[in-house]
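Listed below are the residues making up each chain.
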Amino acid sequence: MTIAKRLGLATIVLIALGVTSAYYVTMMALQTRSGPVTSFVFIVLGLLAVATVLVMFVFWHGIGRAMNRISGQLHHMTRTRQLGLVMTDGAQELQHVVRPLNELLTMLNGEMDRLRADRRELEIQSRIASAEKHHVEAIIYSISDAVIVTNRFDELLLANEAAEKLLGFDTSAALRKNIDGVISDGTLVRLIRETCSHGRSSHRRVVEHSMDRKGQPRTYNITLSCVVAPNGEVSGVVAVLRDITREKEIAQMKTDFVSNVSHELKTPLSSIKAYIEMLVDGEAEDEQTRQEFYDIISSETDRLNRLIQNILNISRIESGVVTAHREPISISGVVKQVLDVAAPQASAKDIKIAQQLSPVYYQIEADHDMIYQAVLNLVSNAIKYTPPGGTVTVKTAVDEVRRMAVCEVADTGAGIPANDIPHVFDKFYRVSANKKVAKGTGLGLALVKQVIESVHDGNVSVVSEQGKGSRFSFELPVLN
Amino acid sequence: MSEKILVADDEAHILHVVSMKLANAGYEVVTAMDGEEVVEFCAADRPDLLILDYQMPLLSGTEAAARLREMDHMKDVPAIMLTARGFDIDREDMESARISVELAKPFSPRELLEAVQRLLAGCTHKADVEAL
């Protein structure tokens, strides 16, 4: 029997005794009215009442303590979010409440463990998914080609910086909006739509498309691929726009180059073949004419060789296999050698060559043959693009402050349009407006730039005005 | 009276060798070093045959020929084109310039002379020339 039950029974017995005693005492007092008996009975009744109160107090105090402990344990569990069993410390009378409570708690604990495990699993999966998403976004953002991803409702899902710049929208504002209102280029919108609506899982197409960027027409290769959901349906489109303007320009330059080079090679070859045939056919009747023909064949062979050498030099410098034989040389000395060679070319066109060579003796450390070639290219260009009667001025000077030797070749020729100036040193590049003024391979200035800048750490520059003339100059560090 | 042939090329050596070959064969030769010179000459005179380089300064061979074809007296003058380019010859330009014979550089002066003789003998039509 539990304390509570015992206490309860004792309380009932005491109350019953108390009530019975009170009844008898009252009855006896009414009948006898005897004093001592009445006093004794009152004492007994008082003791009984005190005992009753004590028993009640002990009983409720025990219950209260057990309840407090349970409540404390439950609070602790709430605070720590750790479910455990409720301990009653022998308060057996609460067992019929505590046992089912503990069963419930055990069940909840199991359930919570399972939920926690599930949550951990979900968190891990979510982290992986989030990391993968960041990874994919980082890849897409790092691509220099413009990338646009749309869903099956043609709404923008993702676009990288290159796409924002190219198409002029702000992704954060354009997200989930129909591409119709985001992309102004009608053709691109149509292509994305078509790919989405006609798309199959293997559907991938590449379209060449021209778009204006900052007012300049540029050519793009647009690769459109379908994004396919696990059920096989097309769930969106990925469009990648690659700027192929430069590639196309280079391809065109190469075509022009091959064409120009073959033309340039065929020209001296034509002379050689023609003069040899003339000799074979006995068309040169006297010894003097025959000698003239031999000289032409010889000089044209040299020209052919120079041309091939030029092409080889530039490709060797570009591929980095060239070795410069650096030695102390004077630019003025090299210029004099060049002018000796170029004089006949100039006088044939009635072009005056003015020399303004520095009187100060200074030297640079450079490869003589390369610098000679660079100066020769500048001087012969100046002569080529200057009309008869013009002047080509060659200057050398030294900038004492910057310790640089400067060489300048100025002409009164065709000049270069402002648009072409940034490209004149590009390999194969030829100024369209001047193509008819003189022939060329588009290699001469490219070689000058390579020799001065790549090989000798100097720099080249040009100032020009169309119709008035050009001034090319280069500078190299002076030897201390 | 010998026939007059206008030879145009910006390469002095080619001009020299062609002139000598034709002069040795008894033709009268006049030379030009660019397309504009050709047009200027033909505006005042009428050569019996034209030998033009395809790529020349100021006006190319085909551009010069096209200009000549606009002149009444130059409409039917046979023309030989010397070309040093292979794949980028503009066929339409060649067609409208009415070029009778095309000789690729490096060419043989002997073959050039034969073509000149054939054309001046009267076979001005391209097909006839090629059939020979």
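Residues numbered from 1 in each chain as written. Chains lettered and ligands numbered in written order. Predicted model: local features only at pLDDT ≥ 70, side-chain atom pairs only at ≥ 80, totals over all residues. Heavy atoms only, no water.

Draft legend 1. Spatial organisation of the nonpolar core. Of all hydrophobic cores here, the largest spans 50 residues; its most connected members are I331(A), I371(A), V379(A), I452(A) and F474(A). The biggest single contributor to this core is helix α10 (residues 368-384) of chain A, with nine residues. Counting the residues that make up this core, at least three belong to each of domain 3 (248-318) and domain 4 (323-477) of chain A. Those residues within four positions of I331(A) in sequence are excluded, and the remaining contacts are Y362(A), I364(A), T396(A), A405(A), C407(A), F474(A) and L476(A). Counting residues in hydrophobic clusters, the runner-up holds 31 residues, among them V17(B), F107(B), L113(B) and A115(B). (Core = buried A, V, L, I, M, F, W, Y, C linked by side-chain atoms within 4.5 Å. Buried < 20%, exposed > 50% of the residue type's maximum accessible area, 1.4 Å probe, protein only. Helix = DSSP H or I, 4+ residues; strand = E, 2+ residues; numbered from the N terminus. Domains from an automatic or database assignment. Contact = heavy atoms within 4.5 Å.)

Draft legend 2. Spatial organisation of the pattern of salt bridges. Applying the stated rule across the entire model yields 34 salt bridges over all chains. When the shortest N-O distance is used, the salt bridge between K21(B) and E283(A) registers 2.5 Å. On the criterion of chain membership, the pair formed by K21(B) in helix α1 (residues 12-24) and E283(A) in the loop between α7 (245-280) and α8 (287-319) is interchain, its members lying in two chains. You can call E283(A) buried: its relative accessible area is 15%. For K468(A), the salt bridge identified is with E465(A), shortest N-O distance 3.7 Å. Here E465(A) falls in the partly exposed class, since its relative accessible area comes to 46%. By sharing partners, the salt bridges in this structure join E277(A), D281(A), E283(A), K21(B) and R110(B) into a single network. (Salt bridge = Lys/Arg side-chain N within 4 Å of Asp/Glu carboxyl O.)

Draft legend 3. Structural context of the environment of V238(A). All names here are of chain A. Here V238 is to be found in strand β5 (residues 234-243). As a C-alpha pair, V238 and L224 span 14 residues in sequence and 5.8 Å in three-dimensional space. With sequence-adjacent residues up to four places away left out, V238 is seen in contact with V147, I148, V149, T223, L224, S225 and V227.

Draft legend 4. Inspection of the sheet that holds strand β10 (residues 404-411) of chain A at higher detail. Residue and element names in this part refer to chain A. Read from one edge to the other, the open sheet built from five strands follows the order β7-β9-β10-β12-β11, with strand pairing classed as mixed. Every other strand in the sheet has two partners, leaving β7 (352-356) and β11 (459-465) as the edge strands with one partner each. Between one strand axis and the next, the sheet turns by 15° as a mean value, whatever way the strands run. Against the sheet, helix α9 (residues 331-348) touches β7, β9 (391-399), β10 and β12 (469-477), its axis set at about 175° to β9. Sitting on the sheet, helix α11 (residues 444-455) touches β11 and β12, and the angle it makes with β11 is about 140°. (Pairing = 2+ DSSP bridges. Axes fitted to C-alpha atoms, helices over the stretch in contact; angles between N-to-C directions.)

Draft legend 5. Seen up close, the packing of aromatic side chains. Residue and element names in this part refer to chain A. With the rule as written, the count across this model stands at three aromatic pairs over all chains. With a centroid separation of 4.8 Å and 80° between ring planes, the pair formed by Y275 and F293 is classed as edge-to-face. Separated by 18 residues along the polypeptide, Y275 in helix α7 and F293 in helix α8 bring together distant segments of the chain. The pair formed by Y275 and F293 is uniform in burial state, with each residue classed as buried. (Phe/Tyr/Trp six-rings, centres within 6.5 Å; stacked < 30°, edge-to-face > 60°.)

Draft legend 6. Summary view of the packing of α1(B) against helix α5 (residues 109-120) of chain B. All names here are of chain B. Where α1 meets α5, the closest approach of the two axes is 10 Å, and the angle between their N-to-C directions is 55°. As far as their axial angle goes, α5 and α1 are oblique. The hand of the α1/α5 crossing is right-handed. Facing α1, whose interface residues are V18, K21 and L22, α5 presents P109, R110, L112, L113 and V116. Residue composition of the contact of α1 with α5, grouped by class: six nonpolar, no polar and two charged. (Parallel < 35°, antiparallel > 145°, perpendicular 65-115°, else oblique. Left-handed = near helix turned anticlockwise from the far one by under 90°. Nonpolar A, V, L, I, M, F, W, Y, C, P; charged D, E, K, R; others polar.)

Draft legend 7. Region of the structure containing the interface of chain A and chain B. Contacts between the two partners involve 28 residues from chain A, matched on the other side by 25 residues from chain B. In this assembly, chain A packs against chain B so that about 2,500 Å² is buried in total across both faces, 53% of it on carbon and sulfur atoms. The interface formed by chain A and chain B includes five salt bridges. Counting across the interface, chain A meets chain B through 11 residue pairs in polar contact (both at pLDDT 80 or more). Elements that contribute at least two residues to the side of chain A that touches chain B include exactly α7 and α8 of chain A. In terms of residue count, the dominant contributor to the side of chain A that touches chain B is α7(A) (16 residues). Broken down by class, the residue content of the side of chain A that touches chain B amounts to eight nonpolar, 10 polar and 10 charged. (Buried area = accessible area lost by both parts, 1.4 Å probe. Polar contact = N/O pair within 3.5 Å; in protein donor to acceptor, adjacent residues only side chain to side chain.)

Read these as geometric descriptors, not functional statements.
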